Amino acid sequence: MDEQPDFVVEGARVALGPLRMDLVPTYQRWENDLEVANANGRVIPFTLEAERERIAGRNGKPEFCDFTVYHRADQAPIGVSSLFQIDHRNGSAQFGIDLGERRGQGLGTEATRLTLDWGFTVLGLHNMLAVAAWNERAIRVYTKVGFREVGRRRGMGLTMGRRYDGVFMDLLASEFLQAGGSVLAGRAPHGSPPSE
Ligand SMILES: CC(C)(COP(=O)(O)OP(=O)(O)OC[C@H]1O[C@@H](n2cnc3c(N)ncnc32)[C@H](O)[C@@H]1OP(=O)(O)O)[C@@H](O)C(=O)NCCC(=O)NCCS
C-alpha cells in the first residue's frame, strides 16, 4: 500500500482508522468467515450489497463507533473493532472485535486496548460490556485488558449445534486507566489547565 491509511490512533503494532466503503468486499469476506460468523452471531452469509448496506447504515449514528484495525508492519487491514449500543447519557457501551486474519499474534489484544481507550478517553464512557459464549480466546483477551466476569446467561448461544452460556464481562474507565492501558490519555490538548 503506497499511501498511509487514515489512522486515528496508533499503538505499537496496531492502528485504528474509520470504516471504509472501498473495503466492503474485504469486510464481507471476514463476515462470511465461519469463525467470525460464529463469534458475532451473524450466521446468514452476507452478499456484497447486504454488507455495503450494513456498513453504510452505521455511519454517523451516535450509538456506533467502528474502526478498521490495521497491522502497522505493512499497513494491511486485518479486522474491525466496534463500540456499539453506546448510551452517551449513562456512559455505557458494548465492545466487539473481529479479526479477519493474522489471529493469534497479539494484534487482537492491542486492538482491543486501543478501541477501549477511544471509548473511555475520547468518548468519556464509564462502563464497557463484552459478551462471549464458547469463545475462550476472546475471553482470554478481554481478561488480559481488564474485563472481569459479572455473570452468565445459561445456554444463551447456539454454535455449531451446541449450546453455550453467555459470559458477561465489564470494565470501568477508572480500572482501564489505572492499569496504564491508555495511549490517548497523554494526548490531552495544550491550552488552559483542565477544570477540577
Ligand atoms: C478473538 C480475537 C479478537 C483475539 O485476537 P488475537 O489477535 O487472535 O488474540 P491474541 O493473540 O491477542 O491473544 C489471544 C490470547 O488467547 C489465548 N488463547 C488462544 N486460544 C485460546 C483458547 N482456545 N483458550 C484459551 N486461551 C486461548 C492465547 O494464548 C493468547 O493469550 P496469551 O497472550 O496470554 O498467550 C481474534 O482471534 C478474532 O477476531 N477471532 C475471530 C472473531 C472473534 O472470535 N471475535 C470475538 C467475538 S466475542
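Below: a short report on this structure. No experiment lies behind these values; they were computed from the predicted model shown. (Residues numbered from 1 in each chain as written. Predicted model: local features only at pLDDT ≥ 70, side-chain atom pairs only at ≥ 80, totals over all residues.)

### Quick notes on the overall build of the protein chain
And step 1. Per the secondary structure count, the protein chain includes six helices and eight strands.
And step 2. Start at the N end of the protein chain and walk to the C end: the helices and strands fall as β-β-α-α-α-β-β-β-α-β-α-β-β-α.
And step 3. Relative to the 2.2 N^0.38 estimate, which gives 16 Å for 196 residues, the radius of gyration of the protein chain is 17 Å and therefore close to what a compact globule would have.
And step 4. Taken along its principal axes, the extent of the C-alpha atoms in the protein chain is 55 × 45 × 30 Å.
And step 5. Residues classed as buried in the protein chain amount to 31% of the 196 residues present.
And step 6. Sequence-distant contacts, at least 24 apart, represent 59% of the contacts inside the protein chain between residues at least 6 apart. (Helix = DSSP H or I, 4+ residues; strand = E, 2+ residues; numbered from the N terminus. Rg over C-alpha atoms; globule rule 2.2 N^0.38 Å. Buried ≥ 20, exposed ≤ 12 C-beta atoms within 10 Å, placed from the backbone. Contact = placed C-beta atoms within 7 Å.)

### Observations regarding the site of the ligand
And step 1. In the vicinity of the ligand, 23 residues are found, and the nearest of them are Ala39, Arg103, Gly108, Thr109 and Glu136.
And step 2. Contributing elements (two or more residues each) for the shell around the ligand: α2 (34-40), β5 (92-99), α4 (107-122) and α5 (136-144).
And step 3. If you tally residues by element for the shell around the ligand, the top one is α5, at five residues.
And step 4. By residue class, the composition of the shell around the ligand is eight nonpolar, nine polar and six charged. (Near = placed C-beta within 6 Å. Nonpolar A, V, L, I, M, F, W, Y, C, P; charged D, E, K, R; others polar.)

### Considerations on helix α1 (residues 24-31)
And step 1. Among the residues making up α1, those that are buried are Val24, Tyr27, Gln28, Trp30 and Glu31. Along α1, the residues classed as buried sweep out an arc of 165° about the axis, all on the same side.
And step 2. Buried residues along α1 sit in contact with α2, α3 (48-58), β4 (76-87) and β5. (Arc of directions from axis to C-beta.)

### Describing the nonpolar core
And step 1. Counting 39 residues, the largest nonpolar core has Val14, Val69, Leu116, Met128, Ala130 and Tyr142 as its most contacted members.
And step 2. Ranked by residues supplied to this core, first place goes to α4 with six residues.
And step 3. Non-local contacts of Met128, meaning those with residues more than four positions away in its chain, are made with Ala93, Phe95, Leu116, Gly119, Asp170 and Leu171. (Core = buried A, V, L, I, M, F, W, Y, C linked by C-beta atoms within 7 Å.)

### Let's talk about the sheet that holds strand β3 (residues 65-71)
And step 1. The eight strands lie next to each other as β1-β2-β3-β4-β5-β6-β8-β7, forming an open sheet whose pairing is mixed. Two strands in the sheet have a free side with no partner beyond their single neighbour: β1 (9-10) and β7 (148-159).
And step 2. Alignment of β5 against strand β6 (residues 127-132), held across three bridges, turns out to be parallel. Directly across from Ala93, in β6, lies its bridge partner Met128.
And step 3. Strands in contact with α5 are β6 and β8 (162-172); relative to β6, the strand with the most contacts, it is inclined by about 160°. (Pairing = 2+ DSSP bridges. Axes fitted to C-alpha atoms, helices over the stretch in contact; angles between N-to-C directions.)

### Some words on the environment of Leu16
And step 1. Tracing the backbone through its elements, the reader meets Leu16 in strand β2 (residues 14-17).
And step 2. The class for Leu16 is buried, based on 23 C-beta atoms found within 10 Å.
And step 3. For the pair formed by Leu16 and Ala73, sequence separation is 57 residues and the distance between their alpha carbons is 13 Å.
And step 4. Ignoring anything within four residues of it in the chain, the contact list for Leu16 reads Phe7, Val8, Val9, Phe67, Val69, Ser81, Leu114 and Thr115.

### Quick word on the pairing of β3
And step 1. Counting buried positions over the seven residues of β3 gives six, a clear majority of the element.
And step 2. Pairing geometry for β2 and β3, over four bridges, is antiparallel. Paired with Val14 across the two strands is His71, which belongs to β3.
And step 3. Pairing geometry for β3 and β4, over seven bridges, is antiparallel. Directly across from Tyr70, in β4, lies its bridge partner Pro77.
And step 4. Hairpin connection, β3 to β4: the antiparallel pair is bridged by four residues, and Gln75 has positive phi, about 60°.

### Quick look at the pairing of β7
And step 1. With zero of twelve residues buried, β7 lies mostly on the surface of the structure.
And step 2. In this sheet, β8 lies alongside β7 in antiparallel orientation, the contact comprising eight bridges. In the strand pairing of β8, Thr159 is matched with Arg162.
And step 3. Linkage of β7 to β8, two consecutive antiparallel strands, is achieved through a turn of two residues, within which Met160 is found at a positive phi near 50°.

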